[in-house]
Structures are given as structure tokens and as C-alpha cells.
Amino acid sequence: MRELLLCPPDHYGIEYEINPWMSRERGADAPVAQAQWKGLHAKLRELHATIHLVEPRPKLPDMVFTANAGLAVGKKFVPSNFRHEERAGEAPFFASWMEAKGYEVVWLPKGLYFEGEGDALFGGDALFCGYKFRSDINSHRAVAEIFDCLTISVELVDPRFYHLDTCFCPLPDGGAFWFPAAFDEYGQRAIREHVGDLIDVAESEAAHFSCNAVVLEHEIVLPEGAPDLVSKLQDRGYKCHPLPMTEFLKAGGACKCLTMFLPQRETV
Amino acid sequence: MVSEIIELRGHIIDSLTLPKVLDQILIRGATFNIVEFKIGQKRVDQSSARIEITAPTRPVLDELVHRLQEQGAEISRAAASPK
């Protein structure tokens, strides 16, 4: 049974603009956001995940996106070093919560930007790490040393897909689904060389953040709006659970951004 | 001609960072000489390379090095010599 960390959207809103999706003029509807988040929470519980909640904090509207809290492997946790000042205040709260749960908290050097599971996803025996818009490539080297794992650093080139988890989703069978145009040509090649069965997601479906999915063995919770992807996943034996995520898309987030694995891997 | 030595470290082979950096050097009209190359023995071992870059002018070299720093390159302490 997987354990997940979520944060209720009590203080969620579009209060600043740090990615192309955010517009303060097009705010999130708070009651709808609450309902969509509760829908995700209920679905994950229905799929037998154990849900932990971290207390939301005022003036930290993006704390709801717990994937960016950091990266946990075994009982070790590397908190994020957020690139944007607007989110930097989240880090100590997440770190304290993880420490209280018994995790060894290992901070990266201050100068290295790293945004946790948002830019670091295990696939097969490698940790795929995105860089440029949020995380630095040099943070990957540090993370690789901390967890003693192989990291595949891939450059993101489309600002709409500013985190790895917005355009790449590893599957437990060693495959993945992804939006290739979100990566530069070397990143595409690196992924193709390390991932066996890749499912390409069309831009029209990727724009619904359909890659921003929570994978629980053969159950996949993803945003609505990707019928072709759902069909391909079902053909491979996965059961898909599309959910409305409109209010979180306004901040550039969806199912996976709202979820962090505790831990993402027991061992590497 | 001006030169600078940069260092690359990490999983630069699996990530294709090394070929990306070498391609960027050539695309911008500079040349390279790999001064030192250490390949990790095990899958999780990191590799490292020291690369001397030679460009026609200082502005071209500085702009190139700046771009390579975005790919994780660091300027080597044992560096820069005018040619």
C-alpha cells in the first residue's frame, strides 16, 4: 500500500504568476477547487492509498502542490530549494513535517535549485530529473550522491511544461507516457534510450496536464481530457481514473502536483 | 584565439550531457580538446570530463561558457590562456 502526502487547498489561489498558466486575473474558484481536491483525496483512498495531510499555511497558496515538497527515498528526504521566492517559505514546513515523521532530512546547498518530485521521478532503475525552468542540472548531481542512484538529467524547453511531472510519467512496467516536445532533442534521446515502452501524448491532451498523473500500480489517476491516452493505457492493462482538475490547472498543476509519495522508492 | 577549461561532472554519458556540450561548442564555431575523462565504473558512478575550449574571440568564448554553465559546466581553476 502506498503512502501519499497531500495538503488541503484552504489557502490555495492564484496570488502570483510564476508560470505561463497563472493569471491573477483568472483566479481559481475556491469551492470548486475544494471539491476537486476532495475528489482526488477520495479517489486515492478508494484505491487503497494511505493519505497523510500537511497543514496548509496562509500566504503559501502553492503548498497544496506537495509534489514540490521534496524527494523521499527510504527514510531519507531531500527538501526542495525553490527557485521562486514566492514558494521558498513552504520548504521549512514540509521539512519539519517529514522530520516529525521520522525522515532524515538532507538539505541541498543553498545555491542549487531543486523542486522535489516535480522534477525527479524514478523510472526503472534511474531517477529522471528535469532542469532549466525550476531545478538546476547541478542539483541532480547532488541528489544522485545523496541517494547513490543513476540520474538522467533532461532539459525542459517548453515553459508550459516547467516541471518534469507535467510532461513525463513513468509506469511500473518500465514504460512511461510523455509529451516529447517538452524536451530538447538530447533529453528525448536520453529518455528513449532508457525507457522501453513510451506512449506519446498528443499536444492537445498534454495541455490538459494528462501526464501529471498518480500511478498506483495498475491504477492511474489523471486529469480529464485525454481520451486517446486513456485508451492506450487501458490497452496495456491499466485502469484510468480521470478527474476534473480545472481549478488547479489555472496554477499549472494537477493530480501528480497535488501528491507526493512517502517515499517515492523504498530503495534504489 | 582564447581558451578556457571547463569541467563536467555527473551522469554525463547516460544523460547525453557530454555530447550536448561538445555539439554546442562546435555549433558556435569553437573547438575542443578533452584534457581528462574519467568514466564511472558502475552504473551509479558519476563521470567527469575536463574540456579545453578554444574560440576566436573572448565575447564568443564567454557567451559559449555561459551557455555551457546552464548544462552544468564549471570553469576549471586551471584555466584560461590566450593563444
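Residues numbered from 1 in each chain as written. Chains lettered and ligands numbered in written order. Predicted model: local features only at pLDDT ≥ 70, side-chain atom pairs only at ≥ 80, totals over all residues.

Novice: What is the right way to look at the overall build of chain A in this model?
Specialist: Looking only at helices and strands, chain A features 8 helices and 15 strands. Dimensions of chain A along its principal axes, counting C-alpha atoms only, are 40 × 40 × 35 Å. Taken over 268 residues, chain A has a buried fraction of 52%. Sequence separation of 24 or more characterises 66% of the internal contacts of chain A that already satisfy a separation of 6 or more. (Helix = DSSP H or I, 4+ residues; strand = E, 2+ residues; numbered from the N terminus. Buried ≥ 20, exposed ≤ 12 C-beta atoms within 10 Å, placed from the backbone. Contact = placed C-beta atoms within 7 Å.)

Novice: Looking at this structure, how should I read the interface of chain B and chain A?
Specialist: Quite often, the size of an interface is put as the accessible area lost when its parts meet. Contact with chain B, which involves 13 residues of that partner, is made by 14 residues of chain A. For the side of chain B that touches chain A, the secondary structure elements donating two or more residues are β1 (2–10) and α1 (17–27) of chain B. Considering only residue class, the side of chain B that touches chain A consists of 2 nonpolar, 7 polar and 4 charged. (Nonpolar A, V, L, I, M, F, W, Y, C, P; charged D, E, K, R; others polar.)

Novice: What exactly am I supposed to notice about the nonpolar core here?
Specialist: In summary, soluble globular proteins display a tendency toward joint burial of nonpolar side chains. Counting residues in each nonpolar core, the largest one holds 92 residues, and the members touching the most others are Trp178 and Cys211 of chain A. Every residue in contact with Trp178 of chain A, bar those within four places of it in the chain, is listed here: Cys167, Phe168, Cys169, Ile191, Leu198, Asp200, Val201 and Cys211 of chain A. Leu8, Ile25, Ile53 and Val65 of chain B belong to the second-largest nonpolar core, a separate cluster that totals 16 residues. (Core = buried A, V, L, I, M, F, W, Y, C linked by C-beta atoms within 7 Å.)

Novice: Just checking my understanding: could you explain the confidence of the model for chain B for this structure?
Specialist: Low pLDDT means the predicted coordinates in that region are not meant to be read closely. Averaged over all residues, the pLDDT of chain B equals 93, while 92% of them reach at least 70. For this predicted complex, the interface confidence reaches an ipTM of 0.93, while the overall pTM sits at 0.96. (pLDDT = per-residue confidence, 0-100.)

Novice: Honestly, α1 of chain B in this entry has me stumped. Any pointers?
Specialist: Think of an α-helix as 3.6 residues a turn; residues three or four steps apart then line up on the same face. Along α1 of chain B, the residues classified as buried are Thr17, Leu18, Lys20, Val21 and Ile25 of chain B. Down the axis of α1 of chain B, the sector holding all buried residues measures 165°, keeping them to one side. Facing away from the buried side of α1 of chain B by over 90 degrees, the exposed positions are Leu26 and Ile27 of chain B. For α1 of chain B, the elements touching its buried residues are β8 (150–155) and α5 (185–194) of chain A together with β1, β2 (31–38), β3 (47–55) and α2 (58–69) of chain B. (Arc of directions from axis to C-beta.)

Novice: In this structure, what is going on with helix α1 (residues 30–46) of chain A? I would like to understand it.
Specialist: All names here are of chain A. With 17 residues, α1 ought to run about 24 Å at 1.5 Å a step, and its terminal C-alpha atoms sit 24 Å apart, in line with that. Those residues of α1 that sit buried are Ala33, Gln36, Trp37, Leu40 and Leu44. Each buried residue of α1 sits inside an arc of 95° when the element is viewed along its axis, so together they form one side. α1 presents Pro31, Lys38, Ala42, Arg45 and Glu46 as exposed residues on the side facing more than 90 degrees away from its buried surface. As for α1, its buried residues are in contact with β1 (3–6), β2 (50–53), β12 (214–216), β13 (219–223), β14 (239–243) and α8 (246–249). Looking one or two residues beyond α1, the residue adopting positive phi is His48, at roughly 75°. (Expected span 1.5 Å × (residues − 1).)

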